[in-house]
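Below, each chain spelled out in residue letters.
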Protein chains: 2
Amino acid sequence: MKKIQQNKIMCSRWFQSLRNLICKEIEALEESSVKFKRKKWFRNPNGSENMGGGEMSVLRGDTFEKAGVNISTVFGSISTNLKGKIPGTDNYNKFWASGISVVIHPFSPKIPAVHMNTRHIITKKSWFGGGMDITPTDLKSKESERIAKYFHDNLKKICEENKKGSYKDYKKWCDEYFFLPHRNEPRGLGGIFYDYLNSKNWDTDFNFTKKVGKTFIDSYKNIVTRTKNKKWNEKDKDLQLHRRSRYTEFNLLHDRGTKFGLQTNGNIDAILMSLPPATGW
Amino acid sequence: MKKIQQNKIMCSRWFQSLRNLICKEIEALEESSVKFKRKKWFRNPNGSENMGGGEMSVLRGDTFEKAGVNISTVFGSISTNLKGKIPGTDNYNKFWASGISVVIHPFSPKIPAVHMNTRHIITKKSWFGGGMDITPTDLKSKESERIAKYFHDNLKKICEENKKGSYKDYKKWCDEYFFLPHRNEPRGLGGIFYDYLNSKNWDTDFNFTKKVGKTFIDSYKNIVTRTKNKKWNEKDKDLQLHRRSRYTEFNLLHDRGTKFGLQTNGNIDAILMSLPPATGW
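This is a predicted model, so every value here is computed, not measured.

### Focus: the overall build of chain A
- Regarding its fold elements, chain A presents seven helices and nine strands.
- Relative to its length of 281 residues, chain A is compact, with a C-alpha radius of gyration of 19 Å against a globular reference of 19 Å.
- Over its C-alpha atoms, taken along the principal directions, chain A stretches across nearly 55 × 45 × 40 Å.
- Counting the 281 residues in chain A, one finds 54% classified as buried.

Here it is as structure tokens:
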């Protein structure tokens, strides 16, 4: 089998096993007996052509008001309006993309919301991309600072192991990306964001992508354990709903993934899975 | 005084008195003793140039979970990125705009949400625009159909009085505008939408705009009176939050006013005043 075919299989299998791991860990942390519900979807379900698809997993519990884990592997021809806008598509119109996307909105305002996604894309070029960021309710409290420091320290470790100096770049990319220009506010307390990663060594890049996924669930598990029994009051809840309103504004007004998904007629429920369960303006 | 100066004054005064009327009627319908809170804002507050501004009125009560009424009168130079995109700005870079915008989200799912706005814009050309639309919680119930019919009948009357055949056109415009393509769903049960209205008789067009405003508050007052004491249950409330999530998606993903406001660095609180007080995905 050609190396590229093997890579595709290894990648999509990894995203599936990471999905299984994340769902298992979240279910173990969830106080109620509620489990993730799975739903498969197919691109072009009525057409004859197989264009791939994905699987959504959503849990609506007591600890986690809404936790969503999407995996998808899609492929086919690039639509004319996107041709040339994606690397390696100037004189080439096929693509393959596989990835995982996670967004968790806990019920307690003391547990931070979190987002992670990683993906591998193949056109005439190929690359990895992804990242994660954390959104505590109160962006300015000492406790949020401590949590963010722990989250960032773990990320720094894997970034620097992979490539010296990369943490600073990926952190900056994240800060710039998860920013609401119309509010002049960050969405949360950041993390890392990277794209077009291709070191010419596929295995190295794939291993980094795997570490990002594992570090995500390990870090978040510890953060949930540390915060889940903390007392909170109505003021904390109000601030959480406010934070979520900003999260929604970001995702609908600015997020590239949302725009890309809507432009390419992606699965609407999967695209908007990230939106919070209860919010308000 | 030149006719155009008189028109500007008459217009902005009308929007102000309509604002006063709407706030008075909404306060009279509100069960609690909560009143509208007013907040003025200025364009370019730190600069030396007067570029106009506006006034927001927001009521957060028991009957009306959130009711917002904005008026604004703004003027100045057109930014380069908008030049030529607005009628009468090809070789002309000044504009004047005055308008009113109303969005009401009642607490009871039995009372429909409603939106209305009207405006007058002057560049090298000048025109009126506006409209209104109604969003009952359940888009398919018999009661919602009855309410929508009453709302539409009142609109049809004033449209046809002003111009034969215009109701059909304005209704169609509204249906096309307040539509969520990514959901393949309407936002609500419609109303009217019109733009670039200039019949060459300013007084006729201004009178129509005034009638739109008065018909709005008269119709909505009757609808609130008719629905405010109706019993509702948790299922109705859940459907209301669902309806509001669609409302939010429309306003952040598609609404021209939102996009225009964000592009022109408008007042962010006024632009996003339309977003619902409690919703969820």
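### A look at the sheet that holds strand S4 (residues 94-106) of chain A
Residues and elements named next belong to chain A.
- If you trace the seven strands from one edge of the open sheet to the other, you get S1-S2-S3-S4-S5-S6-S9, paired in antiparallel fashion. Looking at the sheet topology across the chains shown, the edges are occupied by strand S1 (37-42) and strand S9 (191-197). Direction aside, the axes of adjacent strands within the sheet are offset by 10° on average.
- Here strand S6 (residues 126-135) runs beside S9; their pairing, made up of five bridges, is antiparallel. Bridge pairing links Met132 to Ile192 in S9.
- Its contacts with the sheet place helix H5 (residues 234-253) against strand S3 (64-77), S4, strand S5 (113-122) and S6, and it is angled at close to 165° to S4.

### A closer look at the interface of chain B and chain A
- The partner chain A presents 20 residues to the 20 residues of chain B that form the contact.
- Each partner contributes to the roughly 1600 Å² buried at the junction of chain B and chain A, and carbon and sulfur atoms together form 67% of this total.
- On inspection of chain B and its partner chain A, the count reaches two salt bridges.
- At the surface where chain B touches chain A, the tally comes to nine residue pairs in polar contact (both at pLDDT 80 or more).
- Here the side of chain B that touches chain A gets four residues from one element, more than from any other, and that element is helix H5 (residues 234-253) of chain B.

### Considering the sheet that holds strand S5 (residues 113-122) of chain B
All names here are of chain B.
- Taken together, the seven strands give an open sheet; going across it, the order is S1-S2-S3-S4-S5-S6-S9, and neighbouring strands pair in antiparallel fashion. The open sheet has two edge strands with one neighbour each: strand S1 (37-42) and strand S9 (191-197). Put simply, the sheet's adjacent strands are angled 10° from each other on average, direction ignored.
- Relative to strand S3 (residues 64-77), strand S2 (residues 52-59) runs antiparallel, the two being bridged by eight bridges. Directly across from Met56, in S3, lies its bridge partner Asn70.
- Its contacts with the sheet place helix H3 (residues 166-177) against strand S6 (126-135) and S9, and it is angled at close to 100° to S9.

### A closer look at the packing of aromatic side chains
All names here are of chain B.
- Taken as a whole, this structure holds 30 aromatic pairs over all chains when the rule is applied.
- Consider the rings of Phe128 and Trp202, whose centres lie 5.7 Å apart with planes at 50°: the pair is tilted. Here Trp202 lies in helix H4 (residues 202-227) and Phe128 lies in strand S6, a separation of 74 residues in the sequence.
- Given the relative accessible area of 12%, Trp202 is considered buried.
- Look at Phe178 and Phe193: their rings are 6.2 Å apart centre to centre, the planes differ by 75°, and that puts the pair in the edge-to-face class.

### As for the relation of the copies chain B and chain A
- With an RMSD of 0.0 Å, the fit of chain B onto chain A corresponds to turning through 180° and sliding 0.0 Å along the axis. Such a turn and shift between the copies fits a two-fold axis.
- Residue by residue, 100% of the interface of chain B is reproduced at the interface of chain A, so both copies engage with the same surface.

### Things to note about unusual backbone geometry
- At Tyr196(A), a position not held by glycine, the phi torsion is positive, near 55°.
- Locating Tyr196(A) in the fold gives a position in strand S9.

### Observations regarding the pairing of S6(B)
Residue and element names in this part refer to chain B.
- Taken across its 10 residues, S6 has nine buried, putting it largely inside the fold.
- Pairing of S5 with S6, which is carried by 10 bridges, proceeds in the antiparallel orientation. In the strand pairing of S6, His115 is matched with Asp133.
- In textbook terms, the turn of a hairpin is the stretch between consecutive antiparallel strands, and for S5 and S6 this stretch comprises three residues.

### Remarks on the pairing of strand S2 (residues 52-59) of chain A
Residue and element names in this part refer to chain A.
- Counting buried residues along S2, eight of its eight residues qualify, which places the element largely inside the surrounding structure.
- Side chains of S2 alternate between two faces, with Gly52, Gly54, Met56 and Val58 and Gly53, Glu55, Ser57 and Leu59 buried alike.
- Counting the residues between successive antiparallel strands, the hairpin from S2 to S3 contains four residues.

### A look at the environment of Asp153(B)
- Mapped onto the elements, Asp153(B) comes out in helix H2 (residues 142-162).
- Within the structure, the side chain of Asp153(B) is placed 2.7 Å from the side chain of Lys149(B), a separation counted as a polar contact.

Conventions adopted
Residues numbered from 1 in each chain as written. Chains lettered and ligands numbered in written order. Predicted model: local features only at pLDDT ≥ 70, side-chain atom pairs only at ≥ 80, totals over all residues. Heavy atoms only, no water. Helix = DSSP H or I, 4+ residues; strand = E, 2+ residues; numbered from the N terminus. Rg over C-alpha atoms; globule rule 2.2 N^0.38 Å. Buried < 20%, exposed > 50% of the residue type's maximum accessible area, 1.4 Å probe, protein only. Pairing = 2+ DSSP bridges. Axes fitted to C-alpha atoms, helices over the stretch in contact; angles between N-to-C directions. Contact = heavy atoms within 4.5 Å. Buried area = accessible area lost by both parts, 1.4 Å probe. Salt bridge = Lys/Arg side-chain N within 4 Å of Asp/Glu carboxyl O. Polar contact = N/O pair within 3.5 Å; in protein donor to acceptor, adjacent residues only side chain to side chain. Phe/Tyr/Trp six-rings, centres within 6.5 Å; stacked < 30°, edge-to-face > 60°. Least-squares fit on C-alpha atoms with pLDDT ≥ 70 in both.

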